[in-house]
Amino acid sequence: MDDHSIIERYERAWIFFGLGMIVVFILLIGYTLVSSRGSIPLAVGQVNASEVRTQGEFANPRVEKVGRDYVVYMQAFAFGYLPADIRVKKGAKVTFYITSPDVLHGFNIERTNINVEVIPGEIAKVSQVFNQTGEYRILCNEYCGIGHASMISKITVEE
Amino acid sequence: MAVLTPSKIDAYALAPEKKLTLYMLMLGFAALLVGTLFGPLQAFNYAGINLYTFLKPLVQSYYQGLTIHGVLNAIVFTQLFGQAVMLYLPSRELGLRPNMTLAWVSWWMALVGLLITALPILANAASVLYTFYPPLQAHWAFYVGAAIFVLSSWVTVYLTLEMWMRWKRRNPGQITPLATYMAVTFWLMWWLCSLGLVVEVAVFLIPWSTGLIGGVDPLLMRTLFWFTGHPIVYFWLLPVYTLAYTTLPRLAGGKLISDPLARLVFLLFLLFSIPVGFHHQFSDPGIAPAWKFIHMVLTMMVAVPSLITAFTLAASLENAGRARGGQGWFGWIKALPWNNPTVLSFLLGLLAFIPGGAGGMVNASFTLNQGIHNTTWIPGHFHLQVATLVTMGAMGTAFWLIPHLTGKRLVGEGYAVASQWLWFLGMFIMTFALHWMGWLYQIPRRAFISGSPAAMEAYKQSGVWMALNAISGIILTIAIIFFFYVIFATALQSRHEPSQVMAEVPFTQVISGPQGSGLAALTERVWFWFGVAVVLVVLAYGPVLFQMLTHLNPVPGQRLW
Ligand code: HEM
Ligand SMILES: [Cu+2]
Ligand SMILES: [Cu+2]
C-alpha cells in the first residue's frame, strides 16, 4: 500500500493547486471588474413595457450630445434598433440607455465588451468609448422570434 | 429457469425493475434520436447552408427545429436517462426493489407529459426554445406537458429515497454503499433545484398562457429558470459521473482509487450546484453586480469536485492500465481496452470534458463572459459537455446495459466502436468551430443565419469555420445512424442469449474503502448537509428574489415566430 500513500500525496497537491488556481482567477476577475469602466450592464429603473413606444424617454429614441460625450436612448424591438442611425465622434464616451417594448433582445456591439440582455420593463445602462473610427455592428444575440438572425444595426464612429 | 421459453412467459416476472429501466432508457433514446436529427441541420445552418426549405410543411422554421432539439435532447433524454440509471443502480447495489406501482406511474407521467408538450411544438405553437423565456408565449399545453414531465422525476426522487431509508432501517449504523450514496445526493440536489422551474411553470406560466393572469415579469422568470438551469447541467452530468466512478474502473480492468473522495465529490455538488445561477445572468440588468460576483465565486467552487473527479478517474484508469501490463509514463494509456465500446465512449467523453471544463471557467468569469455571452461559443462549450461526455457516457453504458436488461447480446459491436470515434471527432470539429466563430466574430447563437442574407453578409469573414461545421454535420450524421442502428437492432431482435450478456451490474472494487474513514462518516450525514444546501440557497437567492417579487413588472405575452 505504499503506492497508495504516494497517490494520496499527489491528490492533495492537485486539490491545492486547483484551489490556488481558482483564487487567482477570482482576484483577476475582481480586478477586471473594478477597471471595467461602464461595460457592466446596470439597472437604472423600470418602465411599463406596453408604454415604451408612446411615453417617456424611449418614445423618442435619440442620440443626445452632452458636452463632448453622448447619451443614447435606445429601443431594441422585434426586429431592429432605434435610433437606426447612430453617429458619434472617436474618443467620446457614449452612454446607452436601452429597453425593449416587446420581448427579450440582445445588444452586443462587436469588438467591444458591450453585451446586454435587453429585458422588457427594465432599463439597462452601459457606456463605451470608441477609440477607432469605422462601423461597429450591433447584433441581437437573444432569440426574439422569426426575424432574430437579421436583427443587426450599426454605430458609425467618425474622426 | 432454463426450461422457460422467454417468448411465452413474461421474461421480467422475476425482475420487474429491469423492464422499467429498459422502458425509461428506450423512451429516452427515442427522444434523443428525434432530437439529434436536427443537430446536423443546425451545424449546416452555421455553415451557411439552409436545408429547412426541404422540411416544409413538416417543420415550419429553424426555431421550431431548434426547440425540438433542445427540449428532446437536453430535457427529455437527460432526465429519462437519470431516472433509468439512478434508480436501477441503487436498487441493484442494495438488493432492493423500488415500489413498482409508483415506478410505472413515473414512466407514464413522463410519457404523457412528453406527448402533451410535443403537440404544440409540432404544431409550431411553441417555438420558444428549451429555455422558453417570457414574454415569448407558447401554447399552454407546452407548459402543462413540461410540468407533468418534470414532476415525473419527483416520483423517482421519492422511490430512491424510500429504498435507501428501507436499507438504512435494516442496516443501522452502516455506511451507505457508494452508488446509492451518489443517487441519494443526486436526487436531493435535483429536487431542491427543480423547485425554481416548477414554480416558474406552475405558478406563473400556466396561469399566464391560459389567460388567468395578464403578464409575467421576464426578469423574475429568467431568475427562476436559471435557479434550475445551472444545476440542471449537473443533473445531466452526475449519472455519467456515477457510472464513471462505480463501473468504469472495473470495465477497464482496474479498481477505483478512493471511495471517500468520491462521496466528497457528490456532497460538494449537493452544496454548490444551486447557489450559482446568476452566472447565466451576468448580462441582465436588474441584478446588482455584487450579487453576480458572489454567485461567480460559488460557481468557481463547483469546479473543485470536477477537478477531484479528473484526478480520481485518471488515477483509477492508470491502475487499470497497469493491471493490464501497461508500463512507463504513457504505456498504461495504450494498455486500456480501447476496443471495448463502453470504455472507449467514456475515455473519449472524458477527454472532451477537459477543454469543456476550461471553457466553462471562461463562461463563469464575469468579465470574460461579456465577450462570448450568447454567441456560438456557448453551444460550442456545452456540446463538449452534455453532447459529448454525458451523451457518450449514456451511449457507452447502453452498450452493456441494454444486453444486461434484455438478455440479448449486443448487435454490431464494430458499428458501436465506430459510432463513438465518429461522434467524438464530429463534436470536436464542430465545437472547435463554434467556439472561434463566437469569440472572434461575435456570431450569435440561436440564429438562422443561413436564411438571412443580412447575417450571411455580416459574418462572411468566418468562412473557414463555417466549412468545419459542414464537415462535422456529415460526420455526426453517420455517427447517429451507426449508434441508433446498434441499440435498436440489439433491443428489437428476438434472440435471447442470457449467457452472452453481463448478468450483474459491473460494480467496481475500491482500493481505499469507506470503513474507518472520517471523511466517509462525515459525508454520511446526508440530511444535515441537505440542510446546509438549503441555507446556502436561501442566502444566495433570498434577498434578490424578495426584491424581485416586491417589484413585479408584468409584461404581456407575444408570439413572434
Ligand atoms: C448529434 C449531433 C448534434 C449536432 C450536430 C448538434 C448541433 C447543434 C448546434 C449547431 C446547435 C446550435 C444551434 C443554435 O444555437 O442555433 C445546437 C444547440 C443545442 N444542442 Fe445540439 N447537436 C447535436 C447533439 C446534441 C445532443 C446529444 C445534445 C444534448 C444531449 C444537444 C443539446 C443541444 C442544446 C441544449 C442546444 C441549445 C438549444 C438552444 O439554444 O435553444 N445537442 N446543437
Ligand atoms: Cu433577437
Ligand atoms: Cu451554468
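Throughout this document, residue positions are counted from 1 along each chain, in the order its sequence is written. As they are written, the chains are lettered A onward and the ligands numbered 1 onward, keeping that order. Predicted model: local features are reported for residues with pLDDT of at least 70 only, side-chain atom pairs are reported and counted for 80 or more only, and whole-chain, interface and lining totals are derived from all residues. Water and hydrogen atoms were dropped before computing side-chain values, which therefore reflect all heavy atoms in the structure.

Considering the overall build of chain B
Our working definition: Only DSSP runs of H or I reaching four residues or more are called helices, and only runs of E reaching two or more are called strands; each is numbered from the N terminus. To get the radius of gyration, use the C-alpha atoms; to get the globule rule, take the number of residues to the power 0.38 and multiply by 2.2 Å. Remark: exposure states derive from per-residue accessible area (1.4 Å probe, protein chains only) relative to the maximum for the residue type, with buried under 20%, exposed over 50%, and partly exposed in between. Working rule for contacts: check all heavy atoms of both residues, and any pair within 4.5 Å makes them a contact. The method behind every accessible area is Shrake-Rupley, applied with a 1.4 Å probe, and residues are considered shielded solely by the protein chains displayed.
A tally of helices and strands in chain B yields 20 helices and two strands. In terms of overall dimensions, chain B is globule-like: its C-alpha atoms have a radius of gyration of 23 Å, near the 24 Å expected for 561 residues. If one aligns the C-alpha atoms of chain B with their principal axes, the spans along those axes are about 65 × 55 × 50 Å. A burial count over chain B gives 64% of its 561 residues as buried. Sequence-distant contacts in chain B: of pairs separated by 6 or more residues, those separated by 24 or more amount to 85%. Put simply, chain B shows about 19,800 Å² of open surface, and 70% of that area lies on carbon and sulfur atoms.

Concerning the nonpolar core
To be explicit about the condition: As used in this record, nonpolar core signifies buried Ala, Val, Leu, Ile, Met, Phe, Trp, Tyr and Cys residues forming a set joined through side-chain atoms within 4.5 Å. Residue ranges labeled as domains rest on an automatic or database domain assignment.
Phe96(A), Phe107(A), Ile155(A) and Phe29(B) are the most contacted members of the largest nonpolar core, which totals 233 residues. Each of domain 1 (1-35) and domain 2 (42-158) of chain A accounts for three or more of the residues forming this core. Ignoring sequence-local partners within four residues, the contact set of Phe107(A) consists of Met74(A), Tyr81(A), Phe96(A), Ile98(A), Ile114(A), Asn115(A), Val116(A), Val118(A), Val126(A), Ile138(A), Leu139(A) and Asn141(A). Membership of the second largest hydrophobic core comes to six residues, among which are Val52(A), Phe58(A), Tyr73(A) and Tyr97(A).

Side note on the interface of chain B and chain A
Interfaces are often sized by the accessible area lost when the parts come together. What counts is decided by this rule: For any pair of parts, buried area is found by adding up, for both, the accessible area (1.4 Å probe) each one loses once the two are put together. A pairing counts as a salt bridge when a side-chain nitrogen of Lys or Arg comes within 4 Å of a carboxyl oxygen of Asp or Glu.
Each partner contributes residues to the interface: chain B has 64 residues there, and chain A has 56 residues. At the boundary of chain B with chain A, total buried surface from both sides reaches about 4,900 Å², with 68% on carbon and sulfur atoms. For chain B, the biggest contributors to the area lost against chain A are Pro285(B), Phe311(B) and Gln370(B); these three give 14% of the whole. Remark: the boundary between chain B and chain A carries three salt bridges. Note that Glu142(A) is salt-bridged to Arg222(B), the shortest N-O span being 3.7 Å.

Focus on the side chain of Thr246(B)
Residues and elements named next belong to chain B. This is how it is decided: Two N or O atoms count as a polar contact when they lie within 3.5 Å, although within protein this holds only if one can serve as hydrogen donor and the other as acceptor, and sequence-adjacent residues are included solely when both atoms are side-chain atoms.
Examined against the element boundaries, threonine 246 turns out to sit in helix H7 (residues 231-246). A distance of 2.8 Å separates the side chain of threonine 246 from the backbone oxygen of threonine 242, its partner in a polar contact. Discounting chain neighbours no more than four positions away, the residues touching threonine 246 are Leu89, Leu178, Ala179, Met182, Pro506, Phe507 and Thr508.

A short note on the domain arrangement of chain A
Looking at chain A, the domain boundaries give domain 1 (1-35) and domain 2 (42-158). Relative to domain 2 of chain A, the C-alpha centre of domain 1 of chain A lies at a distance of 41 Å.

Some words on the coordination of the copper ion (ligand 3)
Residue and element names in this part refer to chain B. Which entries qualify depends on this criterion: Here the coordinating atoms are restricted to nitrogen, oxygen and sulfur within 2.8 Å of the metal centre, or 3.2 Å for Na, K and Ca, and because water is not among them the sites may look incomplete.
Bound to the copper ion (ligand 3) on the protein side are His230 (ND1), His279 (NE2) and His280 (NE2), at distances that span 1.7 to 2.0 Å. Going along the chain, you hit the donors of the copper ion (ligand 3) in the pattern H-x48-H-H. Here histidine 230 is found in the loop between helix H6 (218-229) and H7, whereas its partner histidine 279 is found in the loop between helix H9 (259-272) and helix H10 (289-301), with 49 residues between them in sequence. Taken individually, histidine 230 and histidine 279 each receive the classification buried, so the pair is uniform in this respect.

Details of the pattern of salt bridges
Across all of its chains, the model carries 23 salt bridges over all chains by this definition. Ionic pairing is found between Glu117(A) and Arg222(B), a salt bridge with its closest N-O pair at 3.4 Å. With Glu117(A) in strand S8 (residues 115-118) and Arg222(B) in helix H6, the pair connects residues from two separate chains. Residue classification places Arg222(B) among the buried residues on the basis of a relative accessible area of 1%. Connected through salt bridges with shared partners, the residues Glu117(A), Glu142(A), Arg222(B), Asp284(B) and Arg446(B) form a single ionic network.

Quick word on the coordination of the copper ion (ligand 2)
All names here are of chain A. Stated formally: For four-coordinate sites, all angles between 85 and 135 degrees define a tetrahedron; for four- and six-coordinate sites, opposite donors beyond 155 degrees with the remaining angles between 65 and 115 define square planar and octahedral shapes respectively, and all other cases count as irregular.
Coordination of the copper ion (ligand 2) by the protein involves Cys140 (SG), Glu142 (O), Cys144 (SG) and His148 (ND1), with metal-donor separations of 2.1 to 2.6 Å. Geometry at the copper ion (ligand 2) is tetrahedral, judged from its four donor atoms and the angles of 87 to 127° they form at the metal. A residue is classified by how much of its surface remains accessible, and histidine 148, at 1% relative accessible area, is buried.

Describing the site of ligand 1
Residues and elements named next belong to chain B. As a reminder, the rule being used: We define proximity as follows: a residue is near a molecule or strand when any one of its heavy atoms falls within 4 Å of that partner. Gly is put with the polar residues, along with every residue not named as nonpolar or charged; the nonpolar set is Ala, Val, Leu, Ile, Met, Phe, Trp, Tyr, Cys and Pro, and the charged set is Asp, Glu, Lys and Arg.
Close contacts around ligand 1 come from 28 residues, with Tyr62, His69, His383, Arg445 and Arg446 the closest. Histidine 69 is positioned such that a nitrogen or oxygen atom in its side chain is 2.7 Å from a nitrogen atom of ligand 1. Between an oxygen atom of ligand 1 and a side-chain N or O atom of arginine 445, the distance comes to 2.9 Å. Listing elements by their share of the shell around ligand 1, those giving two or more residues are helix H1 (16-45), helix H2 (62-94), helix H15 (377-406), helix H16 (413-441) and helix H18 (463-492). For the shell around ligand 1, the per-class residue count stands at 19 nonpolar, seven polar and two charged.

Some remarks on unusual backbone geometry
In this model, Leu82(A) is joined to Pro83(A) through a cis peptide bond whose omega is -5°. The linkage connecting Pro134(B) with the following residue, Pro135(B), adopts the cis geometry, with an omega of 10°. Structurally, the position occupied by Pro135(B) is in the loop between helix H3 (100-122) and helix H4 (140-170). The backbone of Phe132(B) shows a phi angle near 30°, a positive value even though the residue is not glycine. Mapped onto the secondary structure, Phe132(B) falls in the loop between H3 and H4. A relative accessible area of 5% means that Phe132(B) is categorised as buried. Located in the positive-phi region is Gln442(B), a residue other than glycine, with phi close to 60°. Topologically, Gln442(B) is positioned in the loop between H16 and helix H17 (453-458).

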